[in-house]
Amino acid sequence: MSTIDEKAVPIDAKGVDVHTMVEGGEYDEVDRAHAAKEAEINKHIDQKLMEKPEAFPKAIYFIIPNEAGERFCFYGINPLLKPLLNLMVGFPLHRAESFVHVFKSVTYFFPLVGAAISDSFLDKFKTIVSLSSVYLIGLVLLSVFSRPGFIGDAGSIPAWGPLLGLFLVALGTGGIKPCVSAHGGDQFLPNQKLNLNKFYNYFYMAINIGAVTAGFITPPIQKKSCFGGPEDCYSWSFALCTMFFAAALSIFVIGKRVYRVVPPVGNFVPFLLGKAAVVHIKNLFTHGFDQSKARAASSAAVGEPLVVELFDLLKVLVAIMPAPFFWMAFDQNSSSWQSLTDQMASNNWMDSEMTNAVLNPLFICILAPIFANWVYPAIDKRWKFGLLRRMVVGMILCGLAFIVTGLIQKRVTENCVDTEFTKPDGKTKYTMCMDYSTHTGIFIIPYLIMTTGEVLFSISGLNFTYQEVGKRTKSSCAALWLLGTALGNVFASALFESPVGTDWAREHFFYFVGVLCFVAALVQAVLNRFYVYKENRVGSQ
């Protein structure tokens, strides 16, 4: 049976191993000219780095605080969205939960836009500053429009105001997402790989420190009475996020003089790949679906290195097809899981918003280094626990977390009693079925299971999508990985708007999501059996 992999290592016209070209990212004179331009722009900074290669680049001390501040804002906003849309705007609960996932799906779609801008038109620094400015404007609008009495009273604030602010926040945070970590990586020379690895560890810790800190600060502020009604202080919570982000952006801009800058290539790689894919499809029809002949014709038309990158990327995309179902479940911590903890007692413990904002990043800070330094090495001594196998186990744990959550919901439903509350307008009453015998502290169990699944699935998936493609498609593949998160949130939003979300008992909803995760894990396991890792694929050619 013919395969899309050739039996011999492809060689270009000059006798260069094409796979070596793909890994280096230099296909032609244009790429070599770009590398020379980068070296010229950064020659003074590179000279200083070469003088002290063991030292951290000064640029890192501006990039890491910026990331911590930005993540503080994003994770400070997230736990407040559902109650904002439900109690301040007046959306029904299922619609508020649905729009939380719409916001996240838009957020994770825009990395494609950010990657396109930084690769084709602006460098990473200018892209980050430009889209961060959009982000900041969105935060200001969200702060202003969520203030009762500005465009509407509490409980009837026009939806367009907060949603406009959230759209700009999604555009900003999503657009800079593929640029910030890559810009940090650009600050290191090839002989500084040890420090580069340390940087990414610190960068990841900055993300979670920002998230944990925000979880302890913004929800308690929101619970205060600032404008005459109970728990109506959303505006000041968002204003604090705005001030944090303004400070973070200022720190980032101040560091400009010490940044290494990689100029834009001028070619939008996804467009080139799309063009190559169209050419190959035409050649398949022309050559009667003979894969080897079609591939030879495609290589002649667009170049063998681009075809190699295209097929590597397609293999990866097929292998990660079930990923959106993980994110469909995982990102419900600020929607359905928060709705459940809203019904539970939280005395002498974190309240509902804080519980869902803090536990996951806190467990990540604990579990990620444990798995990297001890669990994986111990397992690998006895069994090859590759990246794709880790992803399967992670998805199974995600499903298990939802089964546990369904059991908690069943207990709450059986024991809850209708309790009357007052909306933030200070006048309108509403009832919620509260179970004061079940404490939010029990959510340590599903969060521990879910976060273990995240460590196995998410971190492994990021590594997989980085390692298994060529240099020029790494950014595009990372953006497509984030697009899987966007699709997962689209699925979640659709679930909440469907009879499953509106008519089913909520514990049955949780069980259903858990089963979907188990099915996705099974599909992932089947796909894994047909995937050959690039190091084995190239080595056998």
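Being a predicted model, the structure only gives us computed values, none of them experimental.

### Topic: the layout of surface pockets
- If you add up the space inside the second largest pocket, you get close to 780 Å³.
- In terms of lining residues, the second largest pocket is bounded by 36 residues, among which Asp342, Gln343, Tyr430, Met432 and Met434 are the most central.
- Secondary-structure elements contributing two or more residues to the lining of the second largest pocket are helix H4 (60-89), helix H5 (93-109), helix H15 (336-342), strand S1 (344-345), helix H16 (352-380), helix H17 (387-415), strand S2 (417-422) and strand S3 (429-439).
- When grouped by side-chain class, the residues that make up the lining of the second largest pocket number 15 nonpolar, 13 polar and eight charged.

### What to know about the pairing of S2
- Both S2 and S3 contribute to a ladder of six bridges, which runs antiparallel. Across the sheet, Phe421 pairs through a bridge with Tyr430, a residue of S3.

### With respect to the pattern of salt bridges
- For the structure shown, the criterion picks out 14 salt bridges.
- Here Asp331 makes a salt bridge to Lys104, at a shortest N to O gap of 4.0 Å. Taken together, the residues span a long stretch of sequence, with Asp331 in the loop between helix H14 (323-330) and H15 and Lys104 in helix H5 at a distance of 227 residues. No difference in accessibility class separates Asp331 from Lys104, as the two residues are buried.
- Of the charged contacts, one joins Glu353 and Lys223 as a salt bridge, the two residues approaching to 3.2 Å between their closest N and O atoms. Residue Glu353 is found in helix H16, and its partner Lys223 is found in the loop between helix H9 (193-222) and helix H10 (234-254); the two are separated by 130 residues along the sequence.
- Judged by relative accessible area, Lys223 falls into the partly exposed class, the value being 27%.

### Thoughts on unusual backbone geometry
- Although it is not a glycine, Glu231 sits at a positive phi angle of roughly 50 degrees.
- Locating Glu231 in the fold gives a position in the loop between H9 and H10.
- Unlike most non-glycine residues, Phe289 shows phi in positive territory, near 60 degrees.
- The residue Phe289 is located in the loop between helix H11 (269-286) and helix H12 (291-302) in this model.

### Here we look at the state of the cysteines
- For the structure shown, the criterion picks out two disulfides.
- Across the disulfide from Cys226 sits Cys233; the S-S distance is 1.8 Å. Taking the torsion about the sulfur-sulfur bond, which here is approximately -80 degrees, the covalent link between Cys226 and Cys233 counts as left-handed.
- Using a relative accessible area of 32% as the deciding quantity, one classes Cys226 as partly exposed.
- Of the residues examined, Cys233 reaches a relative accessible area of 1% and is grouped as buried.
- Residue Cys416 pairs covalently with Cys433 via a disulfide, S to S 2.0 Å. Taking the sign of the torsion about the S-S bond as the criterion, the disulfide between Cys416 and Cys433, at about 85 degrees, is right-handed. Placement of the pair is Cys416 in the loop between H17 and S2 and Cys433 in strand S3, with a sequence separation of 17 residues.

Conventions used here
Residues numbered from 1 in each chain as written. Predicted model: local features only at pLDDT ≥ 70, side-chain atom pairs only at ≥ 80, totals over all residues. Heavy atoms only, no water. 1 Å grid on protein atoms, 1.4 Å probe; cavity = no way out; pocket = protein on both sides within 12 Å on 5 of 7 lines; lining within 4 Å. Points joined across faces, edges and corners; volume = space filled by probe spheres on them. Helix = DSSP H or I, 4+ residues; strand = E, 2+ residues; numbered from the N terminus. Nonpolar A, V, L, I, M, F, W, Y, C, P; charged D, E, K, R; others polar. Pairing = 2+ DSSP bridges. Salt bridge = Lys/Arg side-chain N within 4 Å of Asp/Glu carboxyl O. Buried < 20%, exposed > 50% of the residue type's maximum accessible area, 1.4 Å probe, protein only. Disulfide = S-S within 2.5 Å.

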